[in-house]
Amino acid sequence: MEHKYEQFKGQPRLPKSVVPKRYEIKLKPDLASCTFAGTVEISVDVVAETKFIVLNAADLNVLEVQLFEVDEIMVVEFSENLPCGVGVLCIAFEGTLNDKMKGFYRSTYEHNGEKKNMAVTQFEPADARRCFPCWDEPACKATFRITLEVPTELVALSNMPIVEEKRDGIIKTVHYEESPIMSTYLVAVVIGLFDYVEDQTSDGIKVRVYCQVGKENQGKFALDVAVKTLDFYKKYFAEPYSLPKLDMIAIPDFAAGAMENYGLVTYRETALLYDDKHSAASNKQRVATVVAHELAHQWFGNLVTMEWWTHLWLNEGFATWVEINHACEIDEIFDAISYRKGASLIRMLQSYLGPECFQRALASYIKQYSCSNAKTEDLWAVLEEESGEPVNQLMNSWTKQKGYPVVTVKVNDENLEFEQSQFLLSGSHGDGQWIVPMTLCCGSYDVRKNFLLQGTYESLDTKEFLLCSHSKGRLAETGTWVKLNVDQTGFYRVKYDDELASRLRYAIETKCLSATDRFGILDDSYALCMACQLPLASLLTLMGAYKEELEYTVLSNLISISNKIARIAADAAPELLDDVKLFFINLFQYPAEKLGWDPKQGESHLDAMLRGEILTALAQFEHDVTQHEARRRFDAFLNDRHTPLLPPDTRRAAYVAVMQNVSTLNRSGYESLLRIYRETDQSQEKTRILGSLASCPDPDIVLEVLNFLLSSEENWDHISKTWGSGFLITRFVGAIVSPFSSSEKANEVEEFFASRSKPSITRTLKQSLERVHINAKWVHSVQTEKHLAEAVQELACRKN
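What you are looking at is a predicted structure, and each value in this text was computed from that prediction instead of being measured. (Residues numbered from 1 in each chain as written. Predicted model: local features only at pLDDT ≥ 70, side-chain atom pairs only at ≥ 80, totals over all residues. Heavy atoms only, no water.)

Draft legend 1. Structural view of the overall build of the chain. Scanning the chain from terminus to terminus reveals 27 helices and 28 strands. The C-alpha radius of gyration of the chain comes to 29 Å, within 12% of the 28 Å expected for a compact globule of 800 residues. Projecting the C-alpha coordinates of the chain onto the three principal axes gives extents of approximately 85 × 70 × 55 Å. The buried share of the chain, reckoned over its 800 residues, is 55%. At a minimum sequence separation of 6, the contacts of the chain that also span at least 24 residues come to 68%. (Helix = DSSP H or I, 4+ residues; strand = E, 2+ residues; numbered from the N terminus. Rg over C-alpha atoms; globule rule 2.2 N^0.38 Å. Buried < 20%, exposed > 50% of the residue type's maximum accessible area, 1.4 Å probe, protein only. Contact = heavy atoms within 4.5 Å.)

Draft legend 2. How the structure looks around unusual backbone geometry. With an omega dihedral of 0°, the bond running from E124 to P125 counts as a cis peptide bond. Mapped onto the secondary structure, P125 falls in the loop between strand 9 (114–122) and strand 10 (143–151). For D59, which is not glycine, the phi dihedral falls at a positive 55°. Its location among the elements puts D59 in the loop between strand 3 (50–56) and strand 4 (60–62). Of note, M101 is a non-glycine position whose phi angle comes to about 60°, a positive value.

Draft legend 3. How the structure looks around the side chain of T764. Here T764 shows up in helix 26 (residues 759–783). In this structure T764 comes out as buried when scored by relative accessible area, which is 16%. Ignoring anything within four residues of it in the chain, the contact list for T764 reads T730, V733 and G734.

Draft legend 4. Molecular detail of a nonpolar patch on the surface. On the surface, L690, L703, L706 and L709 cluster together to form a nonpolar patch covering roughly 330 Å² of accessible area. Here the nonpolar patch gets 3 residues from one element, more than from any other, and that element is helix 22 (residues 699–710). Tracing the sequence through the fold places L690 in helix 21 (residues 683–690). (Patch = residues over 30% accessible without salt bridge, like charges linked within 9 Å, V, L, I, M, F, W, Y side chains within 5 Å. Areas by Shrake-Rupley, 256 points an atom, 1.4 Å probe, with all protein chains shown as cover. Salt bridge = Lys/Arg side-chain N within 4 Å of Asp/Glu carboxyl O.)

Draft legend 5. Region of interest: the sheet that holds strand 9. As summarised here, the arrangement of the 4 strands in space is 8-9-14-11, forming an open sheet in which the pairing is antiparallel. Both edges of this open sheet fall to strand 8 (103–111) and strand 11 (155–158), since each of them pairs with a single strand only. Adjacent strand axes in the sheet meet at a mean angle of 15° when their direction is disregarded. Note: strand 8 against strand 9, 9 bridges, orientation antiparallel. In the strand pairing of strand 9, E110 is matched with K115. (Pairing = 2+ DSSP bridges. Axes fitted to C-alpha atoms, helices over the stretch in contact; angles between N-to-C directions.)

Draft legend 6. Spatial organisation of helix 7 (residues 376–387). Taking 1.5 Å as the rise per residue, helix 7 with 12 residues should run 16 Å; its terminal C-alpha atoms sit 17 Å apart, in good agreement. Buried within helix 7 we find T376, L379, W380, V382 and L383. Each buried residue of helix 7 sits inside an arc of 160° when the element is viewed along its axis, so together they form one side. Within two residues after helix 7, G388 carries a phi angle of roughly 75°, on the positive side. (Expected span 1.5 Å × (residues − 1). Arc of directions from axis to C-beta.)

Draft legend 7. Structural detail: the pattern of salt bridges. Following the criterion strictly, the structure yields 41 salt bridges and no others. Across the salt bridge formed by K215 and E269, the nearest N and O atoms sit 3.4 Å from each other. With K215 in the loop between strand 16 (206–211) and helix 1 (220–236) and E269 in helix 2 (residues 269–272), this residue pair connects regions lying 54 residues apart in the sequence. A salt bridge links R667 to E704; its shortest N-O distance comes to 2.7 Å. Of this pair, R667 sits in the loop between helix 19 (648–660) and helix 20 (668–679) while E704 sits in helix 22, placing them 37 residues apart in sequence.

Draft legend 8. Up close: the packing of helix 12 (residues 515–530) against helix 26. It is at 9 Å that the axes of helix 12 and helix 26 come closest, and there the two elements cross at 85°. By the angle class used here, helix 12 and helix 26 are roughly perpendicular. Counting all contacts with helix 12, which are made through Y526, C529 and M530, the residues of helix 26 involved are R771, I774 and W778. Considered class by class, the residues forming the contact of helix 12 with helix 26 number 5 nonpolar, no polar and 1 charged. (Parallel < 35°, antiparallel > 145°, perpendicular 65-115°, else oblique. Nonpolar A, V, L, I, M, F, W, Y, C, P; charged D, E, K, R; others polar.)

Draft legend 9. The arrangement of the sheet that holds strand 17 (residues 245–251) in detail. Taken in spatial order, the 5 strands line up as 15-16-17-19-18 in an open sheet, and their pairing is mixed. The two strands at the open ends of the sheet, each matched to only one other strand, are strand 15 (195–200) and strand 18 (258–259). As judged from the 5 bridges shared by strand 17 and strand 19 (residues 264–268), these two strands associate in the parallel manner. The residue bridging I251 from the neighbouring strand is R268, located in strand 19.

Draft legend 10. A look at helix 14 (residues 552–572). Helix length check: helix 14, at 21 residues, gives a terminal C-alpha distance of 30 Å against a target of 30 Å (1.5 Å per residue), a fit within 8%. Counting buried residues in helix 14 gives 16 out of 21 residues, a clear majority hidden from the surface.

Draft legend 11. Focus on the side chain of N56. Here N56 shows up in strand 3. From its side chain, N56 meets the backbone oxygen of E72 in a polar contact 3.2 Å long. Residues within four places of N56 in sequence aside, it is in contact with L14, E72, I73, R129, F132, P133, C134, W135 and D136. (Polar contact = N/O pair within 3.5 Å; in protein donor to acceptor, adjacent residues only side chain to side chain.)

Draft legend 12. Broad picture of the nonpolar core. Ranked by internal contacts, the top residues of the largest apolar core, which has 219 residues, are F132, W135, M248 and M543. If one sorts the elements of this core by residue count, helix 14 sits on top with 11 residues. Not counting residues up to four positions away in its chain, the partners in contact with M543 are L522, L558, I561, S562, I565, F583, F584 and L587. If you look at the next biggest cluster of nonpolar residues, it comprises 26 residues, including A630, Y655, L673 and I689. (Core = buried A, V, L, I, M, F, W, Y, C linked by side-chain atoms within 4.5 Å.)

Draft legend 13. Quick peek at the packing of aromatic side chains. As enumerated under the stated definition, the model contains 28 aromatic pairs in all. When the centroid spacing of 5.7 Å and the interplanar angle of 35° are considered together, the rings of Y233 and F237 count as tilted. You'll find Y233 and F237 in the same group, each marked buried. Look at Y233 and W299: their rings are 5.6 Å apart centre to centre, the planes differ by 70°, and that puts the pair in the edge-to-face class. Taken together, the positions of Y233 in helix 1 and W299 in the loop between helix 3 (281–296) and strand 20 (305–306) put the pair 66 residues apart, joining distant regions of the chain. Of the two residues, Y233 and W299, both sit in the buried class. These aromatic residues form a ring-pair network of at least three members: F232, Y233, Y236, F237, Y241 and W299. If you follow R208 out to its NZ or CZ, it ends over the ring of Y196, 3.9 Å from the centre. Positioned over the ring face of F423 is R493, at 6.0 Å from the centre of the ring. (Phe/Tyr/Trp six-rings, centres within 6.5 Å; stacked < 30°, edge-to-face > 60°. Lys NZ or Arg CZ within 6 Å of the ring centre and 35° of its normal.)

Draft legend 14. A look at the packing of helix 17 (residues 605–620) against helix 19. Contact geometry of helix 17 with helix 19 gives a least axis separation of 7 Å together with a crossing angle of 5°. The angle between helix 17 and helix 19 falls in the class roughly parallel. The segment helix 17 lies against helix 19, with A608, R611, G612, L615, T616, A619 and Q620 engaging D649, T650, R652, A653, V656, A657 and Q660. Across the contact of helix 17 with helix 19, the residue classes tally to 6 nonpolar, 5 polar and 3 charged.

Draft legend 15. The arrangement of the environment of G544 in detail. Locating G544 in the fold gives a position in helix 13 (residues 536–544). Here G544 falls in the buried class, since its relative accessible area comes to 6%. Measuring from C-alpha to C-alpha, the distance between G544 and N586 comes to 9.3 Å, with 42 residues separating the pair along the chain. If sequence neighbours within four positions are ignored, G544 has contacts with F583 and L587.

Draft legend 16. Fine view of the confidence of the model for the chain. Scored by pLDDT, the chain comes out at a mean of 88, with 92% of its residues at no less than 70. Low confidence marks residues 324–337, where pLDDT is under 50. Its contacts with residues over four positions away, or in another chain, come to 30 contacts. (pLDDT = per-residue confidence, 0-100.)

Below is the structure:
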């Protein structure tokens, strides 16, 4: 390679001497040979004299141009300096429709029993360069005019509506309207056979949901959510949706949950389609939250875009926060930090500043930065101006350092004493310091106090604000409960001393606390227990206070914590496992009896979701009555797939119960499930069965299940080849490695990956191994816990 190009190599960003203003893109995919040809004419502005134009390109064949695959750039050299001003750069190129689910790729689907290819794009974060040469950075915004040359019978979609279509025999050329100014990662194209359902918003924007031929009815629920959501955001952001149409489309092979391409949002099928007969309530929940998340991006992300990928958390955190449902529900995340921490910080700020002030500031931020790029600090500045609070300083303490604090609270006579320290699951000491917006209630939600905890310690005299309330006595004597972080809006954990903890248990039993506060106390205690800062006996005793719980978010968390504790107990104290399971079975009796197996007329969507989760938990904990009933209903379902005895919501519970009773000597249940799996064309039904098959106590059957899942070739090679390039591989590694709980297992995993690691999984592997060490520490701590056995036995014998 010539030395004059050296200056462009290894640079994190492209030079700023030439900037793109408009792209005219023509693409001609060949779905039979899985290749494509194209041309791009880019109107550019030369802002500093230069002989070189440097832009991004990868996996493309560009004639007579120097391509550097390592840096994914191409350098166009001119014989003399280009004068400043506007010019047009024309490039012809060829590429492959790859099978890696990124760039311009191919996906397969069946139509009338025949396998066909479709062509799809997925450009976020930096794969537009695999489809056409471009300035592939979020801040390099331009307008796009796209033309596609495709077989006449296919549907061809892009970000904008079609302006003109010319047919010439078996080929048609489709021209689309020019887009507004936008980032390259939001450009999208989909070509294949699809049906659609259509509706429009109150201000006339045409909304369509596209899906495989014959499945269009399954798009109606998402269509309804989309139309309502667009109307809601228009009001909330005080800014209308900026394109003339919105298409949402279900793609069979899709790595993410969904992608917010401007005007053409792509989804995994399970995140967009909902079938009244075959889908469970949890699938409905998922469709609603994913659609709301992606449409929030049409404003926060597409209209106002982050300046560079390091500001991604603001994009994702925001879209997650503004969803219509509880933040605990969002599982599909490509980095927990971007979505969960981001959403939590935004919620904390909204709660501290007040919702009205927050909304005014957001509308003004969107107005100020629409069609351009913003940094995180720009949002803080607008919020600070609107509220008069030190938002920048407050938020920097959260965004510029890792992690979050735990606030310990003690009663000392009439004072409450607070101390903050960094919370680490590993139990080691961090030295982080935050400005913590503290909220607390005493004995009633009417008695509230807010303040900023700025240092390590703070003491609060409760006399002043208890006296003005109705509780006549003193804090120390009255047994008044104190709840910090009211409604869990703050991004911190709370650790109560024994006295305050027992008052809170009583407040839960006597139904004095809101559902979010019941959720928070449980969730904090679980985290503290995992970090070995709270004995398991204390966590179990707290869980006992929830025996009449009926609220979905709380019970759902209670179930997942129970599953985790059962796993830890199996390693730490196998002799206590039966008692632990018995305690959990007793704990879930009340809600299980209330909900029963059969859906009730007019019940809430959350109850429908809960029924399946509770029955699955009882089946997993080997509750005889549940297992017996599950098998009875499963047999009815085998004879008649339309039986009302086993609707989609309770199927997973029945499948788990069936597998619990399978062994090498009694295989019939396993064979029946495989038969249902092979007969159904419902991806949600297939997922449900796959998720249940390994719930079998017989290790030989589990091995058979794993071989069925992966086919018999060398598994890692197969996994690596199939999912190796996207982020699905990281989910694969995380889900398999994280649950282990011994140093021996951690070593075994490290040895396995020593020769098989690849850069795309290094981070996930490290995080998963950290999780194994945390689990191992927890197991050790449980083993050394005094009086655990007595506590467990006592809890197990307690009848409600």
